[in-house]
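The chain contents come next:
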Amino acid sequence: MAFHFPKPTPEQSTTTADAGLADSHHHERPRGLMRWVLTTSHKEIGSLYLIFSLTMFFIGGIFALVVRAELFQPGLQLVEPEFFNQMTTMHGLIMVFGAVMPAFVGLANWMVPLQIGAPDMALPRLNNFSFWLLPVAFTLLLSTLFMPGGAPNFGWTFYAPLSTTYAPPSTTFFILSLHLAGISSILGAINIIATILNLRAPGMRMMDMPLFVWTWLITAFLLIAVMPVLAGVITMMLMDINFGTSFFSAAGGGDPVLFQHLFWFFGHPEVYILILPAFGIVSAIIPTFARKRLFGYASMVYATASIAILSFLVWAHHMFVVGLPLVAELFFMYATMLIAVPTGVKVFNWITTLFRGSITFEPPMLFALAFVVLFTIGGFSGLMLAIAPADFQYHDTYFVVAHFHYVLVPGAVFAIMAAVYYWLPKWTGHYPHERLSQVHFWLSVIGVNLTFFPMHFSGLAGMPRRIPDYALQFADFNMVSSLGALLYGASQLVFVLVIVMCVRGGKKAPAKAWEGAEDLEWSVPSPAPLHTFETPPNFERPVH
Amino acid sequence: MWSVIKSVLAAFFGVQRDQQRREDFEHGKPVSFIIVGIAMAMLLVALVALIATLAAG
Amino acid sequence: MRTLLVRVAAGLTLALISPLVLANGWNMPIGVTALSREIHSLHMTIFWICVAIGVVVFGVMFYSLFRYRRSKGAEAANFHEHTGVEVLWTAVPLLILVAMAVPATATLKNMYDVSDAEIDVMVTGQQWRWRYEYLGEDIAFTSNMSTPREQISGEAEKTENYLLEVDEPLVLPVDTKVRLLLTADDVIHSWWVPELAVKQDAIPGFVNENWVRIEEPGIYRGQCTELCGMDHGFMPVVVEALEKDEYEAWLAERKEAAEQEAMGVDREWELAELMERGEQVYGSICASCHQADGSGSPPAFPALAGNTDMLDDVEWHIDTIINGVSGSAMPAFRSTLNPVEIAAVATYERNAWGNDAGDTVQPSEIVELLEE
């Protein structure tokens, strides 16, 4: 039997979803808590991911505030060095694996099917499973705080042998929790790839996909490539700790540097896993509010792919001072400098899109513009860090802390916030409160810069990372950072307020919530009904 | 073959004419692009490694 | 008009930034070696390149944001993709990077050239102190942070070199190429002195090389930069650079002191003498884990006060100090401490904080044990 797809007119395309709902032949839906536990809807699972991520963002944020509070003044005031190390470690792990990654997966769950005209993810039950692994994994990780000997205290990079021979007993639980989070990521990635490759609306070719879809496709391949490496390295740790092997113990003939090679072979692509979807989001938002087509769609796709490929060739730039041979040092320096090229291409494309546009400054646009500026500043410090001889001075100082927080906080996190503001009307049917969103934006921008900009100076002046107390000449920088962190942390309560208000009510949003928005998600009603695109839309290429 | 290599090179550099791309997507086979792409990526690694070795002298 | 605007903007930005980047304590120190100056100049070059790119990119961006606001009636143009522009903005950054890679390569090669060193110093990282061994000179000592715990806890006023002062600095002569061989006994540490532009990981099982040639006498301070556990923040590096003749005098003095100490091994020590010496050793070596009052912080670091295992079995006690406990944070002090120090600290631990073993451990016993 051949399927016949009616060719929808624009009016029809907004009603296909309703029609799909009417003739659906679904079972009685579970209610209450079980509805969320058993759900296979990409929209509900997307929401679960996002709520989980927000919770982790606050838990990780509280850990960061403990760190900043201790560093407010020289001397030890609030916590012991042992607990301080647990806080820096847990902050990093929670933010990377619990907040930023699940936020992007949540956005992918919600938006990838809507942007490609698919009724759901390709593997809905697997989708449910990959989400519910996360609360288990992170409950386990957080429970280590209450174990004898305390939580992991060796930094989020958990270098052996500090994380093996010299680690607290809770390390085995940390390994298990990371395994669970890793499985969740791999399954999520498989699901996203299957969805994008198989469920695109008839007529939508790869080069017609929105950039958020493209960047996520490439990110998903990165995840599948490197999460097993992480699984391998933590399994080797597990064996060293519990089964008497000596992969990373020099005393038993092992090699502590091998750990770093394996970790960063995972870790560097991981960095791009945290930023590529952000590129996709910004590439959706800027054209919308500049009311102008993205300047170089194809070169954006190529640049994303180039960054992904190069990300496998630069891992040892995290290891410039471990004593690599000169040739290796040069190779990784050159390869790292090359990454600046496609990254620059992206920034140039965004700016050329703005040039001669018709620009308005709604909340998603504010965050996207702040992303471009502040991510670029993080890129500049990245370029400086790529210069191997200079890295001998920068390495493991607050300059590095400033660098990766600039690309991750006003980078990845601002992009996530931009995405939330951009798609909230689609999710809830209401616009977020404009004034409060602006308050959130300005407080966040000021807070982020107060927190992280002084770290460039303290790092250059000689302050190492991960120290609970510091010499007197770093006192002023640290005080400013701590105040900024408090402001940034507190202003996220405004974010929660905006989201809660938006879910409960507010100005009604039409199907096409933003005037300049073009992609398929804007053809379904706001809020998007539980079932959309049960009949595939016929994708028509926008004519310019 | 030559046009595949040219297209992969263009993709590495990040700039391609729209018309050429349309032709690639209509007439090219994905497999050939993937194979040539992987080979070129390895060549790039070899090239950077060669430069590094020469520079280390 | 437009170019004028850009120029004014660029000028203002430079004017705003330059006092910051040039101010002392806000930027990478220029340092006191030829290499540190080279690295500093690389740093400033790449910094100004970034500033220049930033001025152009952000200039265009903010100009667009200002000029093409819809509230001012801007209408969107419809253009996209321009091969010439795209080739240009790929090729120009590539050229800038090549230009940057050339001097960076030269400096790196210079850093890796450890040949023709006149002095070799072995630097060993241990939780949480540095040990320096002058190869071929028979001189070795540990360098511990000397900032009193009262300053850290806030019970005493913090002094000028808070957290950056040690009991015994690494002493080096000026105008002499010194090769540093770095390794570690337990976890990975990293030895860094910003003004010497030397940072190198000290890794157990590996010996890394680096070198330094200091040009000005003075005291240069740095810290461990690789997270190495609880007291990672309290592991300073201090290098004292002396004129060559002063260095020779220092070397002679150290050798004589070492001989004195070696002679002390053979004689019988009084309890009071051992206690005095032991308290000093305990304070610099043991107190960071086992606490000044011997209370420890269980379970990782057991209490020594009232520790019956230790008090009842003196052989086990000494063996623990000499050989450590494998698989725990307790290191072997076999090579870190000399026999007098081991004997003194063992005696001290057996007789301090209400412990009343009443016995002494003599240096001669330790010498026998070490020779076994």
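Treat the numbers as computed from the prediction; the structure is a model and nothing was measured.

Asks: How should the overall build of chain A be read in this particular structure?
Replies: Helix and strand counts for chain A stand at 16 helices and zero strands. A compact globule built from 544 residues should have a C-alpha radius of gyration of about 24 Å, and chain A, at 23 Å, falls within 12% of that. Put simply, chain A has 544 residues, and 68% of those count as buried. For chain A, restricting intrachain contacts to residue pairs at least 6 apart in sequence, the fraction spanning at least 24 positions comes to 82%. With the model as given, the accessible surface of chain A reaches about 17900 Å², and the carbon-plus-sulfur share is 70%. One finds the centroid of the 23 positive side-chain charges in chain A at a distance of 11 Å from the centroid of its 26 negative side-chain charges.

Asks: Can you help me understand the sheet that holds strand β2 (residues 129-134) of chain C in this one?
Replies: Residues and elements named next belong to chain C. Taken in spatial order, the five strands of this open sheet run β3-β2-β1-β5-β8, and their pairing is mixed. The strands lining the two open edges of the sheet, one partner per strand, are β3 (139-143) and β8 (208-212). Taking the axes of each pair of neighbouring strands and ignoring which way they run, one obtains an average angle of 25 degrees across the sheet. Judged from the five bridges that link them, β2 and β3 form a sheet pairing that is antiparallel. Residue pairing for β3: R131 is matched across the bridge by T142. Against the sheet, helix α5 (residues 244-264) touches β1 (119-126), β2 and β3, its axis set at about 95 degrees to β3.

Asks: Sorry if this is basic, but what is going on with the interface of chain A and chain B here?
Replies: Accessible area lost upon the coming together of the parts is a frequently used measure of interface size. Counting residues at the interface gives 16 residues for chain A and 18 residues for chain B. Summing both sides of the interface, chain A and chain B together bury roughly 1300 Å²; the carbon and sulfur share of this comes to 80%. Where chain A touches chain B, the interface holds zero salt bridges. Applying the counting rule to chain A against chain B returns zero residue pairs in polar contact (both at pLDDT 80 or more). Elements supplying a minimum of two residues to the side of chain A that touches chain B: α10 (297-310) and α11 (326-354) of chain A. Across the side of chain A that touches chain B, the residue classes break down as 13 nonpolar, two polar and one charged.

Asks: Looking at this structure, I do not really get the sheet that holds strand β4 (residues 170-173) of chain C. What am I missing?
Replies: Two strands in a sheet stick together by hydrogen bonds in their backbones, pointing the same way (parallel) or opposite ways (antiparallel). Residue and element names in this part refer to chain C. The mixed open sheet is built from five strands, whose spatial order is β4-β10-β9-β6-β7. Since the sheet does not close on itself, it has two edges, and those belong to β4 and β7 (198-202), each with one partner. Pairwise comparison of adjacent strand axes, ignoring direction, gives a mean angle of 25 degrees for this sheet. Inspection of the sheet shows strand β9 (residues 218-224) paired to strand β10 (residues 236-242) by six bridges, in the antiparallel sense. Paired with I219 across the strands is E240, a residue of β10. Against the sheet, α5 touches β4 and β10, its axis set at about 135 degrees to β4.

Asks: Even after reading the chapter, I still don't get the pattern of salt bridges, so can you show me in this structure?
Replies: Any two side chains of opposite charge can pair, given that their charged atoms come close. Counted by the stated rule, this structure contains 14 salt bridges over all chains. Among the ionic pairs, E515 of chain A bridges to R291 of chain A, the shortest N-O distance being 3.2 Å. Taken together, the residues span a long stretch of sequence, with E515 of chain A in the segment after α16 (475-504) and R291 of chain A in the loop between α9 (276-290) and α10 at a distance of 224 residues. Across the pair D359 of chain C and R350 of chain C runs a salt bridge, and its minimum N-O distance is 3.1 Å. Overall, the relative accessible area of 25% leaves D359 of chain C in the partly exposed class. The exposure class of R350 of chain C is buried, given its relative accessible area of 1%. Where salt bridges share partners, they join R291 and E515 of chain A together with R70 of chain C into one cluster.

Asks: How should the UniProt feature "transmembrane region" (unreviewed entry) in chain B be read in this particular structure?
Replies: The UniProt record annotates "transmembrane region" (unreviewed entry) at residues 33-56 of chain B. Between the first and last C-alpha atoms of residues 33-56 of chain B the distance is 34 Å; the span itself is 100% helix and 0% strand.

Asks: Explain the environment of V401 of chain A here, please?
Replies: All names here are of chain A. With respect to the helices and strands, V401 occurs in helix α14 (residues 398-428). According to the relative accessible area criterion, V401 is buried, its value standing at 9%. Sequence spacing of V401 and G459 is 58 residues, and the spatial spacing of their C-alpha atoms is 8.1 Å. The residues contacting V401, other than those within four sequence positions of it, are M455 and R465.

Asks: Would you mind showing me how to read the UniProt feature "domain: Cytochrome oxidase subunit I profile" (unreviewed entry) in chain A here?
Replies: Per the UniProt annotation, the sites labelled "domain: Cytochrome oxidase subunit I profile" (unreviewed entry) are residues 36-540 of chain A. Taken as a whole, residues 36-540 of chain A contains 68% helix and 0% strand, while its terminal C-alpha atoms sit 35 Å from one another.

Asks: It is not clear to me how helix α7 (residues 211-242) of chain A should be interpreted in this structure. Could you clarify?
Replies: Since the α-helix advances by 3.6 residues per turn, residues separated by three or four positions end up pointing in the same direction. All names here are of chain A. Helix length check: α7, at 32 residues, gives a terminal C-alpha distance of 45 Å against a target of 46 Å (1.5 Å per residue), a fit within 8%. At V226, α7 is bent by approximately 25 degrees, the largest bend along its length, and proline P228 sits one to four residues beyond. Where α7 ends, the next residue or the one after it, G244, has phi of about 70 degrees, a positive value.

Asks: Any chance you could explain the packing of aromatic side chains here in plain terms?
Replies: Given two aromatic rings, their pairing is described by the distance between the two centres and the angle made by the two planes. Residues and elements named next belong to chain A. Under the definition given, this model contains 61 aromatic pairs over all chains. Between F259 and F263, the ring centres sit 6.0 Å apart and the planes meet at 15 degrees, which makes this aromatic pair stacked. Pair noted here: F259 and F263 are both in helix α8 (residues 256-273), with a separation of four residues, about one helical turn. We classify F259 as buried; its relative accessible area is 0%. The buried category is assigned to F263, whose relative accessible area is 0%. Ring centres of F265 and F312 lie 5.8 Å apart, and the angle between their planes is 45 degrees; on these two criteria the pair is classed as tilted. Pair noted here: F265 is in helix α8 and F312 is in the loop between α10 and α11, with a separation of 47 residues, a long-range link. Taking relative accessible area as the criterion, F312 reaches 22% and is therefore assigned partly exposed. Pairwise contacts between aromatic rings join F97, F154, W156, F158, Y159, F174, F247, F248, F259, F263, W264 and F266 into one cluster.

Asks: Looking at this structure, I do not really get the interface of chain C and chain A. What am I missing?
Replies: Counting residues at the interface gives 91 residues for chain C, matched by 97 residues for chain A. Buried area between chain C and chain A, summed over both chains or domains, comes out near 7900 Å², and the portion from carbon and sulfur atoms is 71%. Linking chain C with chain A are one salt bridge, by the criterion used here. One salt bridge connects R70 of chain C with E515 of chain A, and the closest N-O pair in it is separated by 2.8 Å. Applying the counting criterion to the chain C and chain A interface returns 24 residue pairs in polar contact (both at pLDDT 80 or more). Those elements giving two or more residues to the side of chain C that touches chain A turn out to be α2 (34-67), α3 (83-111), α4 (149-153), β6 (189-193), β7, β8 and β9 of chain C. Here the side of chain C that touches chain A gets 16 residues from one element, more than from any other, and that element is α2 of chain C. Of the residues belonging to the side of chain C that touches chain A, the class tally is 51 nonpolar, 26 polar and 14 charged.

Asks: Just checking my understanding: could you explain the confidence of the model for chain A for this structure?
Replies: Segments scoring low in pLDDT should not have their predicted coordinates read at a detailed level. Model confidence for chain A is summarised by a mean pLDDT of 92, while 94% of its residues fall at 70 or above. In the predicted structure, residues 1-24 of chain A sits below a pLDDT of 50 and forms 23 contacts with residues beyond four places in sequence or in another chain.

Procedures and definitions
- Each chain has its residues counted from 1, following the order in which its sequence is written.
- To read the labels, note that chains go from A and ligands from 1, taken in the order they are written.
- Whole-chain, interface and lining totals are the exception, using all residues; otherwise, since this is a predicted model, local features are given only for residues with pLDDT of at least 70 and side-chain atom pairs are given and counted only at 80 or more.
- Only hydrogens and water are set aside; all other atoms, that is, all heavy atoms of the structure, feed into the side-chain values.
- Counting from the N terminus, the helices are DSSP H or I runs at least four residues long and the strands are E runs at least two residues long.
- C-alpha atoms define the radius of gyration in this analysis, and the globule rule sets the expected value at 2.2 Å times the number of residues to the power 0.38.
- The buried label goes to any residue with under 20% of its type's maximum accessible area, the exposed label to any with over 50%, and the partly exposed label to all in between, with areas taken from a 1.4 Å probe on protein chains only.
- Whether two residues are in contact is decided by their heavy atoms: any pair within 4.5 Å suffices.
- Method for areas: the Shrake-Rupley scheme with a 1.4 Å probe, in which residue coverage is limited to the protein chains shown.
- In this tally Asp and Glu are treated as negative and Lys and Arg as positive; neither His nor the chain ends contributes.
- Lys charges are placed at NZ, Arg charges at CZ, Asp charges at CG and Glu charges at CD.
- The pairing criterion is simple: DSSP has to find at least two bridges between the two strands.
- Angles shown run from 0 to 180 degrees and are taken between the N-to-C directions of axes, each axis being a line fitted to C-alpha atoms and, for helices, limited to the stretch in contact.
- Defined in terms of a 1.4 Å probe, buried area is the accessible area two parts forfeit on being brought together, summed over both.
- By salt bridge we mean one thing: a side-chain nitrogen of Lys or Arg within 4 Å of a carboxyl oxygen of Asp or Glu.
- We define a polar contact as two N or O atoms separated by no more than 3.5 Å, with the added condition that, inside protein, one atom must be a possible hydrogen donor and the other a possible acceptor, whereas residues neighbouring each other in sequence contribute only through side-chain atom pairs.
- Side-chain classes are defined by residue name, with Ala, Val, Leu, Ile, Met, Phe, Trp, Tyr, Cys and Pro counting as nonpolar, Asp, Glu, Lys and Arg as charged, and the others, Gly among them, as polar.
- UniProt positions are given in the numbering used here, feature names are shortened, and annotations may be inferred rather than shown by experiment.
- Helices are assigned an expected span. That span is 1.5 Å times one less than the residue count.
- Bend, at a single residue, is the angle you get between axes fitted to the 7 residues ending at that residue and the 7 residues starting at it.
- Under the pairing criterion, centres of Phe, Tyr and Trp rings, with the six-membered ring standing for Trp, must be within 6.5 Å; the plane angle then separates stacked pairs below 30 degrees from edge-to-face pairs above 60, leaving the rest tilted.
- Scored from 0 to 100, pLDDT records how confident the predictor is in each individual residue.

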